[in-house]
Amino acid sequence: MILNGERIFLERSVINSNLYKRVFKPLSKKNHVISERIIKRLVSRTFDNIKYSSSFKINDINCKNLSINVRIPFCRSQCDFCLFRSNPWNPRLAESYLQAVKEELKIYSNLLKGIKVSTVYFSGGTPTLMPEGVAEILEQIKQLYEFDGESSIEANPLDINDKTLSKLIDSGIENISIGIQSFNDEILAIIGRGHESRIALNAIKRAKNHGFKHINIDLMFALPEQNLEDLEYDLKTATDLEVSSISTYPLILVPYSEVYDAVKGGLIKLPSVRKEHSMYKTIINFLSDTGYQMSALWRFSKDPGGYCGPFEFNDFIGIGPNAWSVVDKTFSVNTPSLTDYIKTLTSGRLPILKGTLFPLKKAMKIWFLRNLYHVKVSKDEFRERFNSEIKKELKWFLRMLFIFGLLKDEEGYLSLTNKGLLYASDVTKCIALKLLPNFLII
Ligand SMILES: C[S@@+](CC[C@H](N)C(=O)[O-])C[C@H]1O[C@@H](n2cnc3c(N)ncnc32)[C@H](O)[C@@H]1O
Ligand code: SF4
């Protein structure tokens, strides 16, 4: 590997491929089958019978703290593994898009009077394709809203140059999340990522020089043809770079991706479920040993409060095509079509495709499942939000999780056990696979 023009060799001896065995007991085959059934049932019961309405409207927004997620729906090219569908980069279309975003923000500002905005997140597609646009949007948010929080942006290594980084820093963006995926060039090629590891290493170095408050990098695991040694090499490279946080996403194999076709066609092979669990355990042990605290199921941080992904906020509105909003007991999603999005906003209407108001019990359960992503759920926060006790409201559901040894009750929190972490990772993948294909296809 080349960094700063120097060849770096990682010593295999520092990597211990049996690392995970220390904390976790492997699940037996029988346990796997049972757990898969439980997971499927739990996800189906929670998400199958939601009734969405195409005439859904956001009216009285009831929350104290809101985040805004602005989705930039352009990419240079579509990566073969990606969950998110984007439009090819087109500067003229991006200009019309920018005007539509401003209109959507204006409409929401009238609905959100008196509500504080705590975070602004620019998510992908690829926001770093239009740094000037991002700066304009952030400026407009500051004018329209009571915003006194932090702002974060997702970045593709191919766009990370000094001009773009300076523009982002000057416009007030504090946190940057760079999509690395892997430091292994062969794996990057297999998953159809448009850059090599030397570009990624350079991007991280440049971002560090520009003084962002928090630098997160995204890695992926359980990738086709990836083995434990490849993963350990990625982890070792990432920790040596001393970034503020490392997100590690297991591949979610969506049916509209090129990787899906290649796997189904037998051209490439995914690690087995057991191997994926071993990889996840290795990640947890390796990163905790190198000073990274588990701040979410798939994120490890030296500064746990410093950065949060775009869908993790309790209440947020999503701006842009395909953007989701979760506010109080409501969920809604915008039209996936960029043309419809621009057209609807040109006529002064919100571009909501469909939405729903959850019944109270379902809202509680979904809130709990979403918050489990942070590994532990605060009983006080539940009480404050729903004016009741979590152990009373979700009694049977929680009891099942306790019986299976997935959850423990400690100091004001319900926390995932080691076994629970594995299941929670599988459940999160399963939920993404259930929800995303419904909303994301353009
Ligand atoms: C919106 S994307 C990245 C932003 C930017 N466009 C880039 O390419 O770096 C956010 C992250 O989602 C993760 N991701 C994308 N597709 C995924 C999939 N199929 N399974 C798991 N994670 C995925 C990747 O780690 C990616 O960096
Ligand atoms: S990973 Fe990033 S650049 Fe690649 S398709 Fe997804 S959003 Fe676009």
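Residues numbered from 1 in each chain as written. Chains lettered and ligands numbered in written order. Predicted model: local features only at pLDDT ≥ 70, side-chain atom pairs only at ≥ 80, totals over all residues.

### Some details on the overall build of the protein
Quick reminder of the rule: The way it works is that DSSP assigns letters per residue, a run of H or I at least four long becomes a helix, a run of E at least two long becomes a strand, and they are numbered from the N terminus. Whether a residue is buried, exposed or partly exposed follows from its count of other C-beta atoms within 10 Å of its own C-beta, namely 20 or more, 12 or fewer, or something in between, respectively; the C-beta atoms are built from the backbone.
The helix and strand tally for the protein stands at 15 helices and 19 strands. Principal-axis analysis of the C-alpha atoms places the extent of the protein at approximately 60 × 55 × 45 Å. Counting over 442 residues, the protein shows a buried share of 39%.

### Focus on the site of ligand 1
Here is the rule we go by: We call a residue near a molecule or strand when the C-beta position, derived from backbone atoms, sits within 6 Å of it. Under this grouping Gly is polar, as are all residues other than the nonpolar Ala, Val, Leu, Ile, Met, Phe, Trp, Tyr, Cys and Pro and the charged Asp, Glu, Lys and Arg.
Neighbouring residues of ligand 1: 18 residues in total, closest G124, G179, D218, Y249 and I252. Looking at the shell around ligand 1, the elements with two or more residues in it are β8 (175-181) and β9 (214-221). Looking at the shell around ligand 1 residue by residue, the classes come out as 9 nonpolar, 7 polar and 2 charged.

### A closer look at the site of ligand 2
As a structural note, the neighbourhood of ligand 2 is formed by C75, Q78, C79, C82, F84, S86, G124, G125, T126, N156 and G179. Broken down by class, the residue content of the shell around ligand 2 amounts to 4 nonpolar, 7 polar and no charged.

### Observations concerning the environment of R349
Mapping R349 onto the fold places it in the loop between α10 (338-346) and β16 (352-357). Once the C-alpha coordinates of R349 and S245 are considered, the two residues, 104 residues apart in sequence, prove to be 39 Å apart.

### A few points about helix α2 (residues 91-111)
Selection criterion: Here, expected helix span is obtained from the residue count minus one, scaled by 1.5 Å. Relevant arc is that of directions from the helix axis to the C-beta atoms, nothing else. Distance between backbone-placed C-beta atoms decides contact: two residues are in contact if it is within 7 Å.
Taking 1.5 Å per residue as the helical rise, α2 with its 21 residues ought to reach 30 Å, and the 31 Å between its terminal C-alpha atoms agrees with that figure. Those residues of α2 that fall on the buried side of the exposure criterion are Y97, A100, V101, E104, L105 and Y108. Looking down the long axis of α2, one finds its buried residues gathered within 145 degrees of arc, a one-sided arrangement. Looking at α2, the residues exposed on the side facing more than 90 degrees away from the buried face are R92, E95, Q99 and N110. Looking at the packing, one finds that the buried side of α2 touches β3 (65-71), α3 (131-144), β13 (316-319) and α10.

### Structural notes on the pairing of strand β11 (residues 293-296)
Put simply, the rule is: Between any two strands, pairing holds if DSSP finds at least two bridges.
As defined by bridge partners, β11 adjoins strand β12 (residues 299-301) across 3 bridges and the pair is classed as antiparallel. Bridging from a neighbouring strand, A296 pairs with R299 of β12.

### A look at the sheet that holds strand β17 (residues 376-378)
This is how it is decided: Every angle, taken between N-to-C directions, lies between 0 and 180 degrees, and every axis is a line fitted to C-alpha atoms, over only the stretch in contact when it is a helix.
Strand order in this open sheet of 3 strands is β17-β19-β18, and the pairing throughout is antiparallel. The sheet terminates laterally at β17 and β18 (407-410), the two strands that pair on one side only. Recorded for the sheet is a direction-independent mean angle of 20 degrees between the axes of neighbouring strands. Docked against the sheet, helix α12 (residues 379-386) engages β17 and β19 (413-416), running at close to 45 degrees with respect to β17.

### Notes on helix α7 (residues 228-240)
In this model α7 runs 18 Å from its N-terminal to its C-terminal C-alpha over 13 residues, within 8% of the 18 Å that 1.5 Å per residue would give. All buried positions along α7 are accounted for by L231, E232, D234, L235, T237 and A238.

### Some words on the packing of α2 against α3
Rule in force here: Should an angle fall under 35 degrees it is taken as roughly parallel, and over 145 as roughly antiparallel, whereas 65 to 115 is taken as roughly perpendicular and any remaining angle as oblique. A clockwise turn of the near helix away from the far one marks a right-handed crossing, whereas an anticlockwise turn of less than a right angle marks a left-handed crossing.
Following both chains from N to C, one finds α2 and α3 inclined at 15 degrees, their axes separated by 10 Å at the closest point. By the angle class used here, α2 and α3 are roughly parallel. Here α2 runs over α3; the crossing is right-handed. Counted together, A94, L98, V101, K102, L105, K106 and S109 of α2 and G133, E136, I137, Q140, I141 and L144 of α3 form the full contact between these two elements.

### Section: the nonpolar core
Our working definition: When buried Ala, Val, Leu, Ile, Met, Phe, Trp, Tyr and Cys residues are joined through C-beta atoms within 7 Å, the set is termed a nonpolar core.
Counting residues in hydrophobic clusters, the biggest one holds 99 residues, and the most contacted among them are I178, A207 and I217. Not counting residues up to four positions away in its chain, the partners in contact with A207 are I160, L165, I176, I178, F212 and I215.

### Regarding the packing of α3 against helix α4 (residues 162-171)
Contact geometry for α3 and α4: axes closest at 9 Å, N-to-C directions at 5 degrees. As the angle between them shows, α3 and α4 are arranged roughly parallel. Seen from α3, the contacting residues are P131, E132, V134, A135 and L138; seen from α4, they are T164, K167, L168 and S171. In terms of residue class, the contact of α3 with α4 is built from 5 nonpolar, 2 polar and 2 charged.

### Structural notes on the environment of D185
By the secondary structure assignment, D185 is in helix α5 (residues 185-190). As a C-alpha pair, D185 and R198 span 13 residues in sequence and 8.9 Å in three-dimensional space. If we ignore the near neighbours within four places in the chain, the residues touching D185 are E196 and S197.

### Regarding unusual backbone geometry
The bulk of non-glycine residues show a negative phi, and the bulk of peptide bonds are trans. Here the bond from G124 into G125 is cis, since omega is -10 degrees, no more than 30 degrees from zero. Following the sequence through the fold, G125 ends up in the loop between β6 (116-123) and α3. Of note in the backbone geometry, N322 takes a positive phi value of approximately 70 degrees without being a glycine. Tracing the chain through its elements places N322 in the loop between β13 and β14 (324-327). A tally of 25 C-beta atoms within 10 Å means that N322 is categorised as buried.

### Side note on the confidence of the model for the protein
In low-pLDDT segments, the atomic positions of the prediction should not be examined closely. Applicable threshold: As a per-residue measure, pLDDT reflects the predictor's confidence and takes values from 0 up to 100.
Averaged over every residue, the pLDDT of the protein is 89; the share at 70 or more is 90%. Here residues 1-23 is a poorly scored stretch, pLDDT under 50, and it has 26 contacts once near neighbours within four places are set aside; other chains count.

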